[in-house]
Amino acid sequence: MLKWVRLAMAVGLMIVPVLAVAQSIPPDDEHHGPRPEAIAACKDKSEGTACEFDAPRGHVSGTCHKTRTGELACFHPHHHHDGGTP
């Protein structure tokens, strides 16, 4: 029984540093809002206009919509207009 307690404590002590590192990721690494390419695709366009751009995961065809910040950006029809997915 004592072996199991020691094993559980050892595993618990190994997990704590991993969890601490996982939560210490700087907020700059988080992506909020549309990509710069999506904003550029709607430059000089009005809301509701068709748009397209090349993204890291492929070509995007969509419509220009206002973001939370008031900028126009190109969004795929299946994305929310704040840059996230449904």
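The structure under discussion appears in the preceding block.
Now for a look at the structure at hand.

1. Some points on the pairing of strand β2 (residues 58–66)
Item 1. When strand β1 (residues 50–55) meets β2, the two strands line up antiparallel, connected through 6 bridges. Bridged to Ala50 within β2 is Thr63.
Item 2. Pairing of β2 with strand β3 (residues 72–75) involves 4 bridges; the strand directions are antiparallel. For Cys64, the partnering residue across the bridge sits in β3 and is Cys74.
Item 3. In textbook terms, the turn of a hairpin is the stretch between consecutive antiparallel strands, and for β2 and β3 this stretch comprises 5 residues, one of which, Gly70, has a positive phi near 95 degrees.

2. Observations concerning the sheet that holds β1
Two pairing modes exist for strands in a sheet, parallel and antiparallel, and in both the strands are linked by backbone hydrogen bonds.
Item 1. Read from one edge of the open sheet, 3 strands run β1-β2-β3, paired in antiparallel fashion. Because the sheet does not close on itself, it has two edges, and the strands there are β1 and β3. Looking at each pair of strands side by side, their axes are set apart by 45 degrees on average, direction ignored.

3. What to know about the nonpolar core
Item 1. Core analysis: the biggest nonpolar cluster contains 12 residues, these being Ala38, Ala41, Cys42, Cys51, Phe53, Ala55, Val60, Cys64, Leu72, Ala73, Cys74 and Phe75.
Item 2. Only α2 (36–41), β1, β2 and β3 provide two or more residues apiece to this core.
Item 3. It is β3 that provides the largest number of residues to this core, a total of 4 residues.
Item 4. Discounting chain neighbours no more than four positions away, the residues touching Phe53 are Glu37, Ala38, Ala41, Gly58, His59, Val60 and Cys74.

Cut-offs applied
- Just so you know, the residues in each chain are numbered from 1, in the order the chain's sequence is written.
- In keeping with the predicted nature of the model, local features appear solely for residues at pLDDT of at least 70, side-chain atom pairs appear and are counted solely at 80 or more, and the whole-chain, interface and lining totals rest on all residues.
- Based on all heavy atoms of the structure, the side-chain values leave hydrogens and waters out of the count.
- Pairing between strands is defined by DSSP: at least two bridges between the two strands are required.
- Strands are runs of DSSP state E lasting at least 2 residues, helices are runs of H or I lasting at least 4, and numbering of each runs from the N terminus.
- Axis definition: a line fitted to C-alpha atoms, limited for helices to the stretch in contact. Angles are taken between N-to-C directions and run from 0 to 180 degrees.
- The definition of a nonpolar core used throughout is a set of buried Ala, Val, Leu, Ile, Met, Phe, Trp, Tyr and Cys residues joined through side-chain atoms within 4.5 Å.
- For the exposure calls, accessible area comes from a 1.4 Å probe over protein chains only, and a residue counts as buried if that area is under 20% of its type's maximum, exposed if over 50%, partly exposed in between.
- What makes two residues a contact is simply this: any of their non-hydrogen atoms within 4.5 Å.

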